[in-house]
Amino acid sequence: MRQAGRYMPAYRALRQKHGFWDVCKNPELSTEVAMQPIRRFDFDASIVFSDILVVPDALGLGVTFAKGEGPVFSHPLREASTLDTWNAEAAMEKLVFVPNAVHALREAIGTERALLGFAGAPWTLFCYCVEGQGSDDFRRARVMLHAQPELATRALSMLADITARLLVAQVHAGADAVQIFDTWGGLLSPFEYERFAIPALKSICDKVQAAHGKVILFVRAGHHLLPHLETLPVDGVSLDWRTPWKSARSLFPTRALQGNLDPLMLLAPDAEIRAATKRLLGEMGDFKRSIFNLGHGIVPETPEHAVDVLLKAIRS
Ligand code: 1CP
(Lines give C-alpha, C1' and ligand atoms only; values in the text may rest on other atoms or scores of the structure.)
Protein backbone atom coordinates (compact mmCIF):
# COMPACT_ATOMS: atom_id res chain seq x y z
CA MET A 1 0.00 0.00 0.00
CA ARG A 2 2.70 2.40 -1.13
CA GLN A 3 5.64 1.37 0.94
CA ALA A 4 7.90 3.76 -0.86
CA GLY A 5 6.96 7.29 -1.71
CA ARG A 6 6.45 10.84 -0.68
CA TYR A 7 6.13 10.29 3.09
CA MET A 8 9.83 9.36 3.10
CA PRO A 9 12.32 12.25 3.06
CA ALA A 10 14.80 9.97 1.22
CA TYR A 11 12.25 9.51 -1.60
CA ARG A 12 11.53 13.24 -1.82
CA ALA A 13 15.27 13.94 -2.03
CA LEU A 14 15.71 11.47 -4.89
CA ARG A 15 12.66 12.88 -6.71
CA GLN A 16 14.25 16.35 -6.61
CA LYS A 17 16.74 14.99 -9.11
CA HIS A 18 14.66 12.56 -11.18
CA GLY A 19 11.20 12.56 -12.78
CA PHE A 20 8.64 9.99 -11.65
CA TRP A 21 8.66 7.98 -14.91
CA ASP A 22 12.47 8.14 -14.96
CA VAL A 23 12.56 6.47 -11.53
CA CYS A 24 10.11 3.75 -12.66
CA LYS A 25 12.00 3.08 -15.89
CA ASN A 26 15.54 2.94 -14.47
CA PRO A 27 16.14 -0.35 -12.58
CA GLU A 28 18.84 1.15 -10.34
CA LEU A 29 16.64 4.08 -9.31
CA SER A 30 13.49 1.99 -8.87
CA THR A 31 15.43 -0.50 -6.74
CA GLU A 32 16.92 2.29 -4.65
CA VAL A 33 13.46 3.74 -4.00
CA ALA A 34 11.97 0.31 -3.20
CA MET A 35 14.87 -0.40 -0.81
CA GLN A 36 14.44 2.87 1.12
CA PRO A 37 11.49 1.58 3.21
CA ILE A 38 13.12 -1.86 3.60
CA ARG A 39 16.29 -0.32 5.03
CA ARG A 40 14.40 2.18 7.16
CA PHE A 41 11.63 -0.11 8.51
CA ASP A 42 12.74 -3.71 7.80
CA PHE A 43 9.37 -4.75 6.32
CA ASP A 44 8.82 -8.48 5.71
CA ALA A 45 7.87 -7.97 2.08
CA SER A 46 8.91 -5.55 -0.62
CA ILE A 47 6.81 -4.20 -3.51
CA VAL A 48 8.33 -3.22 -6.81
CA PHE A 49 8.39 0.52 -7.51
CA SER A 50 6.16 1.21 -10.48
CA ASP A 51 2.65 2.51 -11.10
CA ILE A 52 -0.65 1.13 -12.35
CA LEU A 53 -0.70 3.81 -15.07
CA VAL A 54 2.29 2.31 -16.90
CA VAL A 55 -0.26 0.30 -18.92
CA PRO A 56 -2.29 3.19 -20.39
CA ASP A 57 0.96 5.07 -21.01
CA ALA A 58 2.38 2.10 -22.95
CA LEU A 59 -0.88 1.94 -24.96
CA GLY A 60 -0.21 5.48 -26.18
CA LEU A 61 -2.56 7.50 -23.95
CA GLY A 62 0.28 9.82 -22.90
CA VAL A 63 0.28 9.86 -19.09
CA THR A 64 2.11 12.63 -17.25
CA PHE A 65 2.05 13.76 -13.63
CA ALA A 66 1.66 17.47 -13.04
CA LYS A 67 3.89 18.64 -10.19
CA GLY A 68 2.49 17.35 -6.90
CA GLU A 69 -0.80 16.61 -8.67
CA GLY A 70 -2.53 13.59 -10.12
CA PRO A 71 -2.10 12.09 -13.59
CA VAL A 72 -3.12 13.78 -16.84
CA PHE A 73 -3.73 11.85 -20.09
CA SER A 74 -3.03 13.61 -23.38
CA HIS A 75 -5.12 11.05 -25.36
CA PRO A 76 -7.94 9.67 -23.21
CA LEU A 77 -10.21 6.89 -24.47
CA ARG A 78 -13.35 8.54 -25.82
CA GLU A 79 -14.30 6.53 -28.91
CA ALA A 80 -14.17 2.99 -30.25
CA SER A 81 -11.60 3.83 -32.94
CA THR A 82 -8.97 4.43 -30.22
CA LEU A 83 -9.12 0.73 -29.36
CA ASP A 84 -7.95 -0.12 -32.88
CA THR A 85 -4.64 1.54 -32.03
CA TRP A 86 -4.11 -0.60 -28.91
CA ASN A 87 -1.55 -3.32 -29.46
CA ALA A 88 -0.67 -5.66 -26.60
CA GLU A 89 2.62 -6.89 -28.11
CA ALA A 90 3.92 -3.38 -28.76
CA ALA A 91 2.83 -2.28 -25.27
CA MET A 92 4.62 -5.23 -23.67
CA GLU A 93 7.84 -4.26 -25.41
CA LYS A 94 7.57 -0.79 -23.88
CA LEU A 95 6.75 -2.29 -20.46
CA VAL A 96 9.87 -4.42 -20.19
CA PHE A 97 11.16 -1.99 -17.56
CA VAL A 98 8.60 -3.42 -15.08
CA PRO A 99 9.89 -7.02 -15.02
CA ASN A 100 13.41 -5.55 -15.17
CA ALA A 101 12.65 -3.59 -11.98
CA VAL A 102 11.29 -6.75 -10.30
CA HIS A 103 14.43 -8.66 -11.27
CA ALA A 104 16.74 -5.93 -9.95
CA LEU A 105 14.78 -5.67 -6.70
CA ARG A 106 14.92 -9.46 -6.21
CA GLU A 107 18.70 -9.29 -6.54
CA ALA A 108 18.79 -6.54 -3.91
CA ILE A 109 16.47 -8.09 -1.30
CA GLY A 110 17.62 -11.71 -1.66
CA THR A 111 15.28 -14.61 -1.01
CA GLU A 112 14.48 -14.02 2.67
CA ARG A 113 11.84 -11.39 2.00
CA ALA A 114 8.72 -11.81 -0.11
CA LEU A 115 8.55 -9.74 -3.28
CA LEU A 116 5.29 -8.38 -4.66
CA GLY A 117 4.61 -7.29 -8.19
CA PHE A 118 1.44 -5.40 -9.06
CA ALA A 119 -0.85 -3.90 -11.68
CA GLY A 120 -4.14 -2.06 -11.84
CA ALA A 121 -7.39 -3.98 -12.28
CA PRO A 122 -8.93 -3.57 -15.75
CA TRP A 123 -11.91 -1.58 -14.41
CA THR A 124 -9.68 0.86 -12.51
CA LEU A 125 -7.44 1.32 -15.56
CA PHE A 126 -10.56 1.85 -17.70
CA CYS A 127 -11.65 4.60 -15.26
CA TYR A 128 -8.41 6.55 -15.77
CA CYS A 129 -8.28 5.84 -19.53
CA VAL A 130 -11.77 7.28 -20.08
CA GLU A 131 -11.64 10.11 -17.57
CA GLY A 132 -8.13 11.12 -18.57
CA GLN A 133 -7.34 12.22 -15.00
CA GLY A 134 -8.15 11.41 -11.38
CA SER A 135 -11.70 11.84 -10.10
CA ASP A 136 -13.89 11.00 -7.11
CA ASP A 137 -16.69 9.39 -9.10
CA PHE A 138 -15.35 8.73 -12.64
CA ARG A 139 -18.61 9.77 -14.28
CA ARG A 140 -17.40 9.57 -17.85
CA ALA A 141 -16.19 6.00 -17.34
CA ARG A 142 -19.43 4.93 -15.67
CA VAL A 143 -21.51 6.58 -18.39
CA MET A 144 -19.48 4.79 -21.04
CA LEU A 145 -20.11 1.50 -19.23
CA HIS A 146 -23.87 2.15 -19.28
CA ALA A 147 -24.15 3.78 -22.70
CA GLN A 148 -21.62 1.75 -24.68
CA PRO A 149 -21.35 -1.61 -22.92
CA GLU A 150 -19.88 -3.32 -25.98
CA LEU A 151 -17.08 -0.79 -26.30
CA ALA A 152 -16.47 -1.02 -22.53
CA THR A 153 -16.36 -4.82 -22.63
CA ARG A 154 -13.89 -4.75 -25.50
CA ALA A 155 -11.66 -2.23 -23.73
CA LEU A 156 -11.80 -4.19 -20.45
CA SER A 157 -10.87 -7.41 -22.17
CA MET A 158 -7.90 -5.75 -23.92
CA LEU A 159 -6.77 -4.23 -20.61
CA ALA A 160 -7.13 -7.67 -18.96
CA ASP A 161 -5.01 -9.28 -21.65
CA ILE A 162 -2.12 -6.86 -21.27
CA THR A 163 -2.41 -6.78 -17.45
CA ALA A 164 -2.18 -10.58 -17.33
CA ARG A 165 0.93 -10.48 -19.54
CA LEU A 166 2.48 -7.80 -17.35
CA LEU A 167 1.79 -9.75 -14.14
CA VAL A 168 3.07 -13.03 -15.60
CA ALA A 169 6.25 -11.20 -16.67
CA GLN A 170 6.68 -10.01 -13.06
CA VAL A 171 6.22 -13.57 -11.74
CA HIS A 172 8.84 -14.81 -14.21
CA ALA A 173 11.16 -12.01 -13.05
CA GLY A 174 10.94 -13.16 -9.41
CA ALA A 175 7.71 -11.88 -7.82
CA ASP A 176 6.26 -14.34 -5.28
CA ALA A 177 2.81 -12.81 -5.55
CA VAL A 178 1.15 -10.02 -7.47
CA GLN A 179 -1.38 -7.56 -6.15
CA ILE A 180 -4.18 -6.28 -8.36
CA PHE A 181 -5.36 -2.81 -7.34
CA ASP A 182 -9.04 -2.20 -8.04
CA THR A 183 -8.99 1.23 -6.48
CA TRP A 184 -12.27 2.26 -8.10
CA GLY A 185 -14.08 -1.09 -7.96
CA GLY A 186 -16.32 0.20 -5.20
CA LEU A 187 -18.00 2.58 -7.67
CA LEU A 188 -19.75 -0.38 -9.30
CA SER A 189 -22.88 -2.17 -8.12
CA PRO A 190 -22.61 -5.94 -7.56
CA PHE A 191 -24.48 -6.54 -10.83
CA GLU A 192 -22.05 -4.35 -12.80
CA TYR A 193 -19.03 -5.81 -11.04
CA GLU A 194 -20.16 -9.33 -11.97
CA ARG A 195 -20.87 -8.31 -15.55
CA PHE A 196 -17.84 -6.15 -16.34
CA ALA A 197 -15.09 -6.55 -13.76
CA ILE A 198 -15.15 -10.21 -12.71
CA PRO A 199 -14.68 -11.83 -16.16
CA ALA A 200 -11.60 -9.64 -16.75
CA LEU A 201 -10.21 -10.46 -13.28
CA LYS A 202 -10.90 -14.17 -13.70
CA SER A 203 -8.91 -14.36 -16.93
CA ILE A 204 -5.98 -12.59 -15.22
CA CYS A 205 -6.04 -14.95 -12.19
CA ASP A 206 -6.05 -18.01 -14.43
CA LYS A 207 -3.03 -16.83 -16.39
CA VAL A 208 -0.99 -15.76 -13.34
CA GLN A 209 -1.73 -19.00 -11.53
CA ALA A 210 -0.80 -21.04 -14.61
CA ALA A 211 2.60 -19.30 -14.28
CA HIS A 212 2.73 -20.36 -10.56
CA GLY A 213 2.20 -16.86 -9.19
CA LYS A 214 -0.13 -16.02 -6.33
CA VAL A 215 -2.78 -13.31 -6.70
CA ILE A 216 -3.93 -10.80 -4.08
CA LEU A 217 -6.91 -8.62 -4.97
CA PHE A 218 -7.60 -5.21 -3.40
CA VAL A 219 -10.96 -3.60 -4.06
CA ARG A 220 -11.21 -0.19 -2.48
CA ALA A 221 -14.61 0.58 -0.93
CA GLY A 222 -15.60 -2.91 -2.04
CA HIS A 223 -17.37 -4.21 1.03
CA HIS A 224 -20.63 -4.69 -0.90
CA LEU A 225 -18.70 -6.69 -3.51
CA LEU A 226 -16.87 -9.11 -1.21
CA PRO A 227 -19.49 -11.89 -1.44
CA HIS A 228 -19.20 -11.64 -5.24
CA LEU A 229 -15.43 -12.14 -5.13
CA GLU A 230 -15.79 -15.57 -3.62
CA THR A 231 -15.99 -17.25 -7.03
CA LEU A 232 -12.72 -15.63 -8.14
CA PRO A 233 -9.70 -17.91 -7.72
CA VAL A 234 -7.65 -15.29 -5.83
CA ASP A 235 -5.15 -16.49 -3.20
CA GLY A 236 -5.54 -13.44 -1.01
CA VAL A 237 -7.90 -10.55 -0.42
CA SER A 238 -6.61 -7.15 0.62
CA LEU A 239 -9.16 -5.27 2.73
CA ASP A 240 -10.01 -1.62 2.69
CA TRP A 241 -10.07 -0.04 6.17
CA ARG A 242 -13.88 -0.02 6.30
CA THR A 243 -14.36 -3.79 6.19
CA PRO A 244 -14.61 -5.55 9.56
CA TRP A 245 -11.87 -8.20 9.57
CA LYS A 246 -14.15 -10.82 11.06
CA SER A 247 -16.82 -10.51 8.36
CA ALA A 248 -14.13 -10.91 5.68
CA ARG A 249 -12.68 -13.91 7.51
CA SER A 250 -16.04 -15.67 7.59
CA LEU A 251 -16.43 -15.04 3.83
CA PHE A 252 -12.90 -16.24 3.06
CA PRO A 253 -12.02 -18.87 5.68
CA THR A 254 -9.18 -20.47 3.72
CA ARG A 255 -7.55 -17.54 1.93
CA ALA A 256 -4.96 -15.02 3.00
CA LEU A 257 -6.35 -11.72 4.21
CA GLN A 258 -4.38 -8.50 4.22
CA GLY A 259 -5.16 -5.22 5.89
CA ASN A 260 -6.58 -3.02 7.06
CA LEU A 261 -5.66 -0.11 9.31
CA ASP A 262 -7.00 3.26 8.15
CA PRO A 263 -3.90 5.00 6.71
CA LEU A 264 -5.03 8.27 8.30
CA MET A 265 -4.62 6.62 11.71
CA LEU A 266 -0.91 7.32 11.17
CA LEU A 267 -1.65 11.02 11.58
CA ALA A 268 -2.98 10.40 15.13
CA PRO A 269 -1.02 10.60 18.43
CA ASP A 270 1.16 7.57 19.26
CA ALA A 271 -1.22 6.23 21.92
CA GLU A 272 -4.12 6.20 19.44
CA ILE A 273 -2.00 4.37 16.85
CA ARG A 274 -1.08 1.75 19.45
CA ALA A 275 -4.69 1.32 20.59
CA ALA A 276 -6.03 0.97 17.02
CA THR A 277 -3.30 -1.54 16.14
CA LYS A 278 -4.05 -3.61 19.22
CA ARG A 279 -7.76 -3.57 18.37
CA LEU A 280 -7.11 -4.78 14.82
CA LEU A 281 -4.67 -7.47 15.96
CA GLY A 282 -7.38 -8.64 18.36
CA GLU A 283 -9.85 -8.92 15.47
CA MET A 284 -7.34 -10.91 13.44
CA GLY A 285 -7.52 -13.63 16.08
CA ASP A 286 -4.99 -16.41 15.55
CA PHE A 287 -3.09 -14.47 12.80
CA LYS A 288 -3.23 -17.52 10.50
CA ARG A 289 -3.20 -16.49 6.83
CA SER A 290 -3.17 -12.86 8.00
CA ILE A 291 -0.96 -10.03 6.75
CA PHE A 292 -0.94 -6.75 8.64
CA ASN A 293 -1.11 -3.81 6.26
CA LEU A 294 -2.81 -0.49 5.81
CA GLY A 295 -6.32 -0.40 4.30
CA HIS A 296 -5.15 1.93 1.50
CA GLY A 297 -2.05 3.88 0.46
CA ILE A 298 0.00 5.68 3.09
CA VAL A 299 -0.51 9.43 2.70
CA PRO A 300 2.41 11.80 1.99
CA GLU A 301 1.83 13.72 5.26
CA THR A 302 2.59 10.60 7.36
CA PRO A 303 5.55 11.10 9.71
CA GLU A 304 8.08 8.24 9.58
CA HIS A 305 7.88 8.19 13.37
CA ALA A 306 4.22 7.03 13.14
CA VAL A 307 5.33 4.04 11.03
CA ASP A 308 7.91 3.18 13.72
CA VAL A 309 5.19 3.30 16.38
CA LEU A 310 2.89 1.07 14.28
CA LEU A 311 5.59 -1.52 13.56
CA LYS A 312 6.68 -1.67 17.19
CA ALA A 313 3.08 -2.27 18.25
CA ILE A 314 2.64 -5.08 15.67
CA ARG A 315 5.98 -6.76 16.37
CA SER A 316 5.55 -6.72 20.13
O1 1CP B 1 5.23 12.57 -7.21
C2 1CP B 1 5.54 11.39 -7.06
O3 1CP B 1 6.66 11.05 -6.66
C4 1CP B 1 4.53 10.34 -7.44
C5 1CP B 1 3.71 9.76 -6.36
C6 1CP B 1 3.44 8.33 -6.76
C7 1CP B 1 4.06 7.19 -6.23
C8 1CP B 1 5.07 7.13 -5.12
C9 1CP B 1 2.58 7.88 -7.81
C10 1CP B 1 1.77 8.70 -8.73
N11 1CP B 1 2.71 6.50 -7.91
C12 1CP B 1 3.57 6.04 -6.95
C13 1CP B 1 4.01 4.66 -6.79
C14 1CP B 1 2.97 3.60 -6.67
N15 1CP B 1 1.70 3.63 -7.17
C16 1CP B 1 3.18 2.36 -6.05
C17 1CP B 1 4.59 2.00 -5.58
C18 1CP B 1 4.96 0.89 -4.86
C19 1CP B 1 5.08 1.09 -3.36
O20 1CP B 1 4.09 0.88 -2.65
O21 1CP B 1 6.18 1.37 -2.89
C22 1CP B 1 1.96 1.65 -6.12
C23 1CP B 1 1.64 0.29 -5.54
C24 1CP B 1 1.06 2.46 -6.83
C25 1CP B 1 -0.31 2.06 -7.21
C26 1CP B 1 -1.26 3.07 -7.72
N27 1CP B 1 -1.03 4.16 -8.51
C28 1CP B 1 -2.65 2.99 -7.51
C29 1CP B 1 -3.34 1.86 -6.79
C30 1CP B 1 -3.26 1.98 -5.31
C31 1CP B 1 -4.03 3.13 -4.74
O32 1CP B 1 -3.38 4.06 -4.24
O33 1CP B 1 -5.25 3.10 -4.79
C34 1CP B 1 -3.25 4.09 -8.14
C35 1CP B 1 -4.73 4.45 -8.17
C36 1CP B 1 -2.21 4.83 -8.78
C37 1CP B 1 -2.38 6.04 -9.64
C38 1CP B 1 -1.54 7.15 -9.17
N39 1CP B 1 -0.18 7.21 -9.34
C40 1CP B 1 0.32 8.33 -8.75
C41 1CP B 1 -0.77 9.04 -8.16
C42 1CP B 1 -0.66 10.35 -7.45
C43 1CP B 1 -1.93 8.29 -8.41
C44 1CP B 1 -3.34 8.63 -7.97
C45 1CP B 1 -4.06 9.30 -9.06
C46 1CP B 1 -5.39 9.92 -8.70
O47 1CP B 1 -6.42 9.21 -8.74
O48 1CP B 1 -5.42 11.14 -8.44
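Residues numbered from 1 in each chain as written. Predicted model: local features only at pLDDT ≥ 70, side-chain atom pairs only at ≥ 80, totals over all residues. Heavy atoms only, no water.

**Q** Would you mind going over the packing of helix α8 (residues 122-131) against helix α9 (residues 139-147) with me for this structure?
**A** Geometry of a packed helix pair, given as the angle between the helix axes and the separation of the axes. Axis separation between α8 and α9 bottoms out at 7 Å; the angle between their running directions is 110°. Compared by their axis directions, α8 and α9 come out roughly perpendicular. Counted together, W123, F126, C127, V130 and E131 of α8 and R139, R140, A141, R142, M144 and L145 of α9 form the full contact between these two elements. (Axes fitted to C-alpha atoms, helices over the stretch in contact; angles between N-to-C directions. Helix = DSSP H or I, 4+ residues; strand = E, 2+ residues; numbered from the N terminus. Parallel < 35°, antiparallel > 145°, perpendicular 65-115°, else oblique. Contact = heavy atoms within 4.5 Å.)

**Q** How should the layout of surface pockets be read in this particular structure?
**A** It is a probe the size of a water molecule, rolled over the atoms, that shows where empty space is left. By volume, the largest pocket is sized at about 1600 Å³. For the largest pocket, the lining is made up of 47 residues, of which R2, R6, D51, F65 and E69 are closest to its centre. Among the secondary structure elements, those contributing two or more residues to the lining of the largest pocket are α1 (9-17) and α2 (20-25). Broken down by element, the residue count for the lining of the largest pocket peaks at four residues, all from α1. For the second largest pocket, the lining is made up of 34 residues, of which A45, Q258, I291, F292 and N293 are closest to its centre. Elements represented by at least two residues in the lining of the second largest pocket include exactly β1 (45-47), β4 (114-120), β5 (177-182), β6 (214-219), β7 (236-238), β8 (256-261), β9 (290-294) and α15 (304-315). Top contributing element to the lining of the second largest pocket by residue count: α15, with five residues. Along the lines of polarity and charge, the residues of the lining of the second largest pocket split into 22 nonpolar, six polar and six charged. (1 Å grid on protein atoms, 1.4 Å probe; cavity = no way out; pocket = protein on both sides within 12 Å on 5 of 7 lines; lining within 4 Å. Points joined across faces, edges and corners; volume = space filled by probe spheres on them. Nonpolar A, V, L, I, M, F, W, Y, C, P; charged D, E, K, R; others polar.)

**Q** How do you make sense of the pairing of β9 when you look at a structure like this?
**A** Two faces, one strand: in a regular strand the side chains alternate between the faces of the sheet. Across the five residues that make up β9, a large majority, four, are buried. Pairing of β8 with β9, which is carried by five bridges, proceeds in the parallel orientation. Bridge pairing in β9 places L261 opposite L294. Each parallel crossover has a hand, and for β8 linked through helix α14 (residues 270-284) to β9 it is right-handed. (Buried < 20%, exposed > 50% of the residue type's maximum accessible area, 1.4 Å probe, protein only. Pairing = 2+ DSSP bridges. Right-handed = clockwise from strand over helix to strand, strands pointing away.)

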